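Structural description and commentary
So you can see what is in the structure, the chains are spelled out below.
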Amino acid sequence: MITNEKPQSPRNRSRKDGELALFGGSPVRTQPLPLEFPGIHYMDEEEIEAASRVLRARSPFRYYGVAPLGEVEEFEKEFAAHLGLPYAVAVTSGTGALHTALSALGVGPGQEIIVPAYMWVSVVAAVVNLGAIPVLVDIDHTFGIDPDLLPHRITPRTRGIIAVHMSGAPINIKPIAKIAREHGLFLLEDCAQANGASVDGQKVGTFGDMAVFSFQMNKNMTSGEGGCVVTRTERLYRRAVASHDLGYARDDQGRLMVEDPDLCVWGRGYRLDELRGALLRVQLRKLPKIVQNMHKSKYRIRQALETLPGIKLRRIVDCSGDTGAFLITTYESPTIAQNVNHALRAEGITTYPQGLSNIVMTNWGLHLYYNIVSLVSRRSVDNAGFPWNLVENAGSEKRYEKGTCPVADGLFEQSIIMSIPSCLTPEDEADVIQAFTKVMNHYARGT
Ligand SMILES: Cc1ncc(COP(=O)(O)O)c(C=O)c1O
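Just so you know, these numbers come straight off a predicted model, no measurement behind them.

Cut-offs applied
- Residues numbered from 1 in each chain as written.
- Predicted model: local features only at pLDDT ≥ 70, side-chain atom pairs only at ≥ 80, totals over all residues.
- Heavy atoms only, no water.
- Pairing = 2+ DSSP bridges.
- Helix = DSSP H or I, 4+ residues; strand = E, 2+ residues; numbered from the N terminus.
- Contact = heavy atoms within 4.5 Å.
- Axes fitted to C-alpha atoms, helices over the stretch in contact; angles between N-to-C directions.
- 1 Å grid on protein atoms, 1.4 Å probe; cavity = no way out; pocket = protein on both sides within 12 Å on 5 of 7 lines; lining within 4 Å.
- Points joined across faces, edges and corners; volume = space filled by probe spheres on them.
- Nonpolar A, V, L, I, M, F, W, Y, C, P; charged D, E, K, R; others polar.
- Phe/Tyr/Trp six-rings, centres within 6.5 Å; stacked < 30°, edge-to-face > 60°.
- Buried < 20%, exposed > 50% of the residue type's maximum accessible area, 1.4 Å probe, protein only.
- Lys NZ or Arg CZ within 6 Å of the ring centre and 35° of its normal.
- Near = heavy atom within 4 Å.
- Polar contact = N/O pair within 3.5 Å; in protein donor to acceptor, adjacent residues only side chain to side chain.
- Areas by Shrake-Rupley, 256 points an atom, 1.4 Å probe, with all protein chains shown as cover.
- Disulfide = S-S within 2.5 Å.
- Patch = residues over 30% accessible without salt bridge, like charges linked within 9 Å, V, L, I, M, F, W, Y side chains within 5 Å.
- Salt bridge = Lys/Arg side-chain N within 4 Å of Asp/Glu carboxyl O.
- Parallel < 35°, antiparallel > 145°, perpendicular 65-115°, else oblique.
- Left-handed = near helix turned anticlockwise from the far one by under 90°.
- Right-handed = clockwise from strand over helix to strand, strands pointing away.

1. Thoughts on the sheet that holds strand β15 (residues 415-419)
Judged by pairing direction, the sheet is antiparallel, and its four strands sit side by side in the order β12-β13-β15-β14 without closing on themselves. Taken across any chain shown, the strands that pair with only one partner, and hence form the sheet edges, are β12 (312-313) and β14 (359-360). Examined bridge by bridge, strand β13 (residues 326-330) and β15 share five bridges and lie antiparallel to one another. Bridge pairing links Thr330 to Ser415 in β15. Where helix α8 (residues 274-306) meets the sheet, its contacts fall on β12 and β13, and the angle it forms with β13 comes to roughly 15 degrees.

Here is the structure:
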């Protein structure tokens, strides 16, 4: 029988079978991978019950009401206990937590605050809003502050360091904490992306003077929006309470404390409501399971990737303390990273349109210092140039354009970031491994 189909040589057919989907072969999978949102995959009747409890009591405000349940207060106690710290202040967002913590620490004009090249826009926003100057420090292969470079960024104006545990894993926090102590600087840990991570059994958030967490929807546990400030110092706790509320700390009966000038600051109105307090209590109980699942999936994939040619894995200071929320792989050149990424995406290693995963890191938005337009161009908070042109800030270096942190620049161009959802099945994991194997073997053969 004569057909219109072109004859396929056995060679063509076999090329198609193992061929990259990018070049017409069959993709490893056609179903998108699940969305990131770790805590969301675990939301069920327990959260519904918690929210209903608050609504039934008709008391959504934390400090008083017709029948207040004390959900936020209980959450603060439970979150502090989870970290082994005495104090926690729940707030409305991670950004609010940064403002609250920096206010408690007394940050203001004339001060330089060291921030890493890889972070989130909220970190620099909090510093700039308070009138201080962010000073960038480059990162190393942990994707956190390089402790060897840190001392070179310290000047007589430096007041503190914000260390950010990025993309689910702890950074090299111990030497950073040591340098902070030696130079009399405060250390604020931003644990928004690494809730549940640890180094040598010690949880992130406990290495510095204060720490902040976010419970926004992409984070390891969530109430949609929310945040927390933690500390082991009573004074900083009281100042954080004052800052997040009306400007005054509260005594054990909830009365405003107006006598001590050190505890009187200007309030920001970041109080958390009882609905979210109740949700967070449930999510905190689920956090170990969420982290365990992401960790298990990530390390199954990482182990398989270790044997592949041409891939370098992110350096993790303590693998057992990695929450597993993200996988970062690095390639020999920006072109290879782009090619591998295109090829992996063609194999079906993507997520739904409302999520962002498996991208070259230059596309990772406001996590990269040079993508933060307002920072690079030193946009002001007011019409008069605050805080850049304040006389108090005159002597500070204010460099933020691409090239300021060359190691970060190289890593961003040569690396791919993938989220590891908390609900990956063994089949999903196997698909990710198969896609990487197919793509990397293809490029190793030079075909
Ligand atoms: C490192 C880091 N810090 C702070 C924040 C701010 O948290 P939120 O979105 O709750 O304001 C985020 C949020 O993505 C973050 O990733």
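Don't stop here, the text continues.
2. A closer look at empty space enclosed by the protein
Scanning all chains against the criterion turns up one cavity of 30 Å³ or more. In this model, the largest cavity occupies a volume close to 40 Å³. Among the residues making up the lining of the largest cavity, the classes are represented as five nonpolar, five polar and no charged.

3. Notes on the sheet that holds strand β9 (residues 227-231)
Ordered in space as β1-β9-β8-β5-β4-β2-β3, the seven strands form an open sheet in which the pairing is mixed. In the strand order of this sheet, the two ends are held by β1 (87-91) and β3 (133-137), each with one partner. Each adjacent strand pair in this sheet contributes to an overall mean axis angle of 20 degrees, direction not counted. Pairing of strand β2 (residues 112-116) with strand β4 (residues 158-164) involves three bridges; the strand directions are parallel. What sits directly across from Glu112, in β4, is Thr158. The sheet strands contacting helix α6 (residues 173-182) are β4 and β5 (186-190), and the helix crosses β5 at an angle near 150 degrees.

4. Concerning the packing of aromatic side chains
Counting across every chain of the model gives 13 aromatic pairs. Look at Tyr87 and Tyr237: their rings are 4.5 Å apart centre to centre, the planes differ by 15 degrees, and that puts the pair in the stacked class. With a gap of 150 residues between them, Tyr87 in strand β1 and Tyr237 in helix α7 (residues 234-244) connect regions that are remote in the sequence. Considering the side-chain rings of Tyr369 and Tyr370, the 5.3 Å spacing of their centres and the 80 degrees angle between planes classify their relative orientation as edge-to-face. Each member of the pair, Tyr369 as well as Tyr370, is classed as buried. Between Arg250 and the ring centre of Tyr63, over which it is positioned, the NZ or CZ distance is 3.7 Å. The ring of Tyr370 has Lys402 lying over it, and the distance from NZ or CZ to the ring centre is 5.0 Å.

5. Details of the site of the ligand
Taken together, 14 residues surround the ligand, and among them Gly94, Thr95, Asp190, Ser214 and Lys219 come closest. Here Thr95 contributes a side-chain N or O atom positioned 2.5 Å from an oxygen atom of the ligand. Between Lys219 and the ligand, the recorded distance is 2.7 Å, taken from a side-chain N or O atom to an oxygen atom. If the ligand stood free it would expose 390 Å²; the protein chains cover 91% of that surface. In terms of residues, the shell around the ligand owes the most to one element, helix α4 (residues 94-104), which gives three residues. Of the residues contributing to the shell around the ligand, the split by class is four nonpolar, eight polar and two charged.

6. Section: the state of the cysteines
Enumeration according to the criterion identifies zero disulfides in this entry. Free cysteine Cys191: the closest other cysteine sulfur is in Cys228, separated by 11 Å. Cys191 supplies the cysteine sulfur nearest to Cys319, a cysteine that is in no disulfide, at a spacing of 18 Å.

7. Things to note about a nonpolar patch on the surface
Among the surface-exposed residues, Leu246, Tyr248, Leu256 and Val258 lie close enough to one another that they form a single nonpolar patch of about 330 Å² accessible area. Mapped onto the elements, Leu256 comes out in strand β11 (residues 256-257).

8. Quick notes on the packing of α4 against α7
At a minimum axis distance of 8 Å, the contact between α4 and α7 shows a crossing angle of 125 degrees. One element, α4, and the other, α7, form an angle in the oblique class. Of the two elements, α4 crosses α7, and the hand of that crossing is right-handed. For the pair α4 and α7, the contacting residues are His99, Thr100, Ser103 and Ala104 in the first and Leu236, Arg239, Ala240, Ser243 and His244 in the second. Broken down by class, the residue content of the contact of α4 with α7 amounts to three nonpolar, five polar and one charged.

9. Remarks on the pairing of β3
Most of β3 is tucked away: five of the five residues are buried. The alternating pattern of β3 places Ile133, Val135 and Val137 on one face and Pro134 and Leu136 on the opposite face, and all of these are buried. Sheet topology note: the β2/β3 ladder contains five bridges and is parallel. Among the inter-strand pairings, Glu112 is bridged to a residue of β3, identified as Ile133. Handedness of the crossover is the feature at issue here: the chain leaves β2, passes through helix α5 (residues 121-129), returns alongside β3, and the resulting connection is right-handed.

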